[in-house]
Amino acid sequence: MTISKRLLQLVAVVLAVTFLSFLMLNLLPGGPEVSICATAASEKCFEEVRSDLGLDKPLPVRYLQWLGNALTGDLGESAIRPEPVWQAITQRLPVTLELLVYSQFLALAVAIPAGVYAAHRAGGLFDRISTTVAFALLSAPNFVVAIVLILIFAVQLKIFRVQGYTNLTADLPGSIFTNLKDFFLPSLTLAVAEMAVYLRLLRNDMIATLQEDYITMAKAKGLPDGTILLRHALRPSTFSLVTVAGLNMGRLIGGALVVEVIFGLNGLGQYLVEAIFRRDYIPVQGTVVVIAVGYVLINFLVDMLYSVLDPRIGHGRAIA
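What you see is a predicted model, and the numbers here were worked out from it, not measured in a lab. (Residues numbered from 1 in each chain as written. Predicted model: local features only at pLDDT ≥ 70, side-chain atom pairs only at ≥ 80, totals over all residues. Heavy atoms only, no water.)

Chemist: Would you mind going over the packing of helix α5 (residues 85–120) against helix α12 (residues 239–263) with me for this structure?
Modeler: Geometry of a packed helix pair, given as the angle between the helix axes and the separation of the axes. Where α5 contacts α12, the axes come no closer than 10 Å and their chain directions differ by 130 degrees. By the criterion of interaxial angle, the relationship of α5 to α12 is oblique. As α5 runs across α12, the sense of the crossing is right-handed. Across the interface between the two elements, Thr-96, Leu-99, Leu-100, Ser-103, Gln-104, Leu-108 and Ile-112 from α5 touch Leu-241, Ala-245, Met-249, Leu-252, Ile-253, Ala-256, Val-259 and Glu-260 from α12. Among the residues forming the contact of α5 with α12, the class breakdown is eleven nonpolar, three polar and one charged. (Axes fitted to C-alpha atoms, helices over the stretch in contact; angles between N-to-C directions. Helix = DSSP H or I, 4+ residues; strand = E, 2+ residues; numbered from the N terminus. Parallel < 35°, antiparallel > 145°, perpendicular 65-115°, else oblique. Left-handed = near helix turned anticlockwise from the far one by under 90°. Contact = heavy atoms within 4.5 Å. Nonpolar A, V, L, I, M, F, W, Y, C, P; charged D, E, K, R; others polar.)

The structure is reproduced here in structure tokens:
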């Protein structure tokens, strides 16, 4: 499949996501008029607010108007706060991106060496222990992990702060260390389940790869174990890992909604949760669009990365 066809598919996915999210938000009971008319709460106030916000127009008309504005970078304005949605998103997006990247880094930094070693010593003590720990981590919800980490490292040991963070660029270069320290517990909360998944995937794929004939040939040549594992077995064993890492971005974003609220991080997740509680649907719609576009772009890049990991895939696309 050519890149242009793939991009057309991504555009179709984004349009479908925006329309379905717009439809579902408008099917929910209540709306911004409920929050705005909270004190008056009269039918006349509801009608006036709905007319001012254009909510009395047919749904397809409102969606096309919103889509046309969104294509020009105008995601609308909050009905509760006099703040453009795009401005609010750009202020909070770096926080969420740092949280997602940091958590993926922690998960991969632990899972890759542990998965390689577990595959090298399959059935051994480390393999059995890592398998047990991975299943335990997989069964723990994010909010439980967050509370446990706060109790241990923030309340008892007082190593990290419970809530809040230092801006990365507040006072360079000293703010970098403080920022990474403040984001460690939230990122670790998200990374715990991911590192367990990555470890299990890489361990199983590595075991299968180590049974290949070319690995046997490498062993027969007397190559060191480290060279065989890292140069000949690791790269072809990372297809599942790369695929799941891309797909997991959606789950990480969902987890970020909870983690940002618990740790007091002013990111997209907290912005989205506050907008939902206020029934302020324009910010919700704008945030969903940004998340959807980011998600499909990440998976598009993951698809392109396959050709780097195995050039035969790129050759197969060219023939097709």
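Chemist: Teacher, can you tell me more about the confidence of the model for the chain here?
Modeler: Close inspection of predicted coordinates is inappropriate for parts of the model with low pLDDT. Looking at the chain, pLDDT values average 82 and 91% of them are 70 or higher. At the level of individual helices and strands, the chain shows its lowest average pLDDT in helix α15 (residues 311–319), which scores 55, and its highest in α5, which scores 90. (pLDDT = per-residue confidence, 0-100.)

Chemist: What is the right way to read the side chain of Thr-96 from this model?
Modeler: When you line up the elements, Thr-96 lands in helix α5. A polar atom in the side chain of Thr-96 sits 2.8 Å from the side chain of Glu-260. Those residues within four positions of Thr-96 in sequence are excluded, and the remaining contacts are Glu-260, Gly-267, Leu-268 and Gly-269. (Polar contact = N/O pair within 3.5 Å; in protein donor to acceptor, adjacent residues only side chain to side chain.)

Chemist: Just checking my understanding: could you explain the packing of aromatic side chains for this structure?
Modeler: Here the distance between the centres and the angle between the planes together describe a pair of aromatic rings. In this structure the tally under the stated criterion is seven aromatic pairs. Note on Phe-153 and Phe-160: the rings are 6.3 Å apart at their centroids and 70 degrees apart in plane angle, and the pair reads as edge-to-face. Given the relative accessible area of 26%, Phe-153 is considered partly exposed. By relative accessible area, which is 16% here, Phe-160 ends up buried. These aromatic residues form a ring-pair network of at least three members: Phe-19, Phe-22, Tyr-63 and Trp-66. (Phe/Tyr/Trp six-rings, centres within 6.5 Å; stacked < 30°, edge-to-face > 60°. Buried < 20%, exposed > 50% of the residue type's maximum accessible area, 1.4 Å probe, protein only.)

Chemist: Looking at this structure, I do not really get the pattern of salt bridges. What am I missing?
Modeler: Should the charged atoms of two oppositely charged side chains come close, the side chains can pair. The full count for this structure, using the stated rule, is three salt bridges. Salt-bridge contacts for Arg-92 lead to Glu-83; the nearest nitrogen and oxygen are separated by 4.0 Å. Classification of Glu-83 as buried rests on a relative accessible area of 15%. Among the ionic pairs, Asp-127 bridges to Arg-203, the shortest N-O distance being 2.7 Å. Of the two residues, Asp-127 is situated in helix α6 (residues 125–138) and Arg-203 in helix α9 (residues 184–209); the sequence distance between them amounts to 76 residues. With relative accessibility at 3%, the residue Asp-127 sits in the buried group. (Salt bridge = Lys/Arg side-chain N within 4 Å of Asp/Glu carboxyl O.)

Chemist: Sorry if this is basic, but what is going on with the nonpolar core here?
Modeler: Considering soluble globular proteins, one finds that nonpolar side chains tend to be buried as a cluster. Residues Leu-99, Leu-100, Leu-190, Tyr-198 and Phe-263 are the most contacted members of the largest nonpolar core, which totals 34 residues. For this core, the secondary-structure elements that each account for two or more residues are α5, α7 (142–156), α9 and α12. Once you skip the residues sitting within four places of it in the chain, Tyr-198 turns out to touch Gln-104, Ala-107, Leu-108, Ala-111, Leu-241, Val-244, Ala-245 and Asn-248. Core analysis: the next-biggest nonpolar cluster, separate from the first, contains twelve residues, Ile-89, Leu-268, Tyr-271 and Val-290 among them. (Core = buried A, V, L, I, M, F, W, Y, C linked by side-chain atoms within 4.5 Å.)

Chemist: Help me understand a nonpolar patch on the surface in this model?
Modeler: A cluster of nonpolar side chains, contributed by Phe-143, Val-144, Ile-147, Val-148, Leu-151, Ile-152, Val-155, Leu-157, Ile-159, Val-162 and Val-258, occupies part of the molecular surface with about 860 Å² of accessible area. Sorting elements by how many residues they give to the nonpolar patch places α7 first, with seven residues. Looking at the element boundaries, Ile-147 is found in helix α7. Here Ile-147 falls in the partly exposed class, since its relative accessible area comes to 43%. (Patch = residues over 30% accessible without salt bridge, like charges linked within 9 Å, V, L, I, M, F, W, Y side chains within 5 Å. Areas by Shrake-Rupley, 256 points an atom, 1.4 Å probe, with all protein chains shown as cover.)

Chemist: Is there a simple way to think about the layout of surface pockets in this case?
Modeler: Think of a ball as big as a water molecule: rolled over the atoms, this probe shows where empty space is left. Size it by volume and the second largest pocket reaches roughly 430 Å³. Contributions of two or more residues to the lining of the second largest pocket are made by α5, α12, α13 (268–277) and α14 (281–309). (1 Å grid on protein atoms, 1.4 Å probe; cavity = no way out; pocket = protein on both sides within 12 Å on 5 of 7 lines; lining within 4 Å. Points joined across faces, edges and corners; volume = space filled by probe spheres on them.)

Chemist: Got a minute to help me understand α6 in this structure?
Modeler: Each α-helix winds once per 3.6 residues, and so residues spaced three or four apart point in a common direction. The terminal C-alpha atoms of α6 lie 20 Å apart, and with 14 residues this matches the ideal 20 Å at 1.5 Å per residue to within 8%. Turning to α6, its buried residues number three or more, namely Asp-127, Ser-130, Thr-131 and Ala-134. Buried residues in α6, looked at end-on, bunch into an arc of 105 degrees, giving them a common side. α6 presents Leu-125 and Thr-132 as exposed residues on the side facing more than 90 degrees away from its buried surface. Its buried side turned inward, α6 meets α5 and α9. (Expected span 1.5 Å × (residues − 1). Arc of directions from axis to C-beta.)

Chemist: I'm lost on the packing of α7 against α12 in this one. Help?
Modeler: Taken N-terminus to C-terminus, the directions of α7 and α12 make an angle of 30 degrees; their axes are 10 Å apart at the nearest point. Judged by the angle between their axes, α7 and α12 are roughly parallel. Note on packing geometry: the crossing formed by α7 with α12 is right-handed. Residue-level inspection shows Asn-142, Phe-143, Ala-146 and Ile-150 of α7 in contact with α12, the latter providing Gly-255, Val-258, Ile-262 and Phe-263.

Chemist: What's the story with the environment of Leu-8 in this structure? I'm lost.
Modeler: As for its position among the elements, Leu-8 is in helix α1 (residues 3–27). Exposure remark for Leu-8: the relative accessible area of 60% places this residue in the exposed category. In sequence terms Leu-8 and Val-133 are 125 residues apart; their C-alpha atoms lie 42 Å from each other.

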